[in-house]
Amino acid sequence: MTDDRTAAANGIKATYEETETERILAFERDAGDYGTGGTAAIAQNREGYAMLKVRPAADGDELERYYGFEMALDHVGELLGVSPHDLPIPAAAEDMGM
């Protein structure tokens, strides 16, 4: 995947999108060679200054809120059973939480 809104690595696909009200970074972990599959997402208001919300999926209910992107990525890593360092981050989402 080569555009700035998608990324893939370590059996994980990440997709960044903007809705009318939110910026959403959604992750999907493949089953198979990488163990169990799963999904998780980080959402932030469209203006980019509110706390980050971690969800089990892009349209799921909020599980927790974080001030920092790294803390939200830690939670996503736990949900997917991977190190947060293994999560691919699309270029368009690199400024989330700032």
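Our subject is the structure listed above.
A word on the pattern of salt bridges
Note on pairing: side chains with opposite charge can pair once their charged atoms come close. Inspection of every chain in the model, using the stated rule, returns five salt bridges. With a closest N to O distance of 3.3 Å, Glu18 and Arg46 form a salt bridge. One end of the pair, Glu18, is in strand β2 (residues 12-18); the other, Arg46, is in the loop between β4 (38-45) and β5 (52-55), with 28 residues separating them in the sequence. Assessed through its relative accessible area of 39%, Arg46 is described here as partly exposed. Residue Arg55 is joined to Glu22 by a salt bridge in which the shortest nitrogen-to-oxygen separation is 2.6 Å. Here the residue Arg55 occupies a position in strand β5, and Glu22 occupies one in strand β3 (residues 22-29), the gap between them amounting to 33 residues.

Rules used throughout
- Residues numbered from 1 in each chain as written.
- Predicted model: local features only at pLDDT ≥ 70, side-chain atom pairs only at ≥ 80, totals over all residues.
- Heavy atoms only, no water.
- Salt bridge = Lys/Arg side-chain N within 4 Å of Asp/Glu carboxyl O.
- Helix = DSSP H or I, 4+ residues; strand = E, 2+ residues; numbered from the N terminus.
- Buried < 20%, exposed > 50% of the residue type's maximum accessible area, 1.4 Å probe, protein only.

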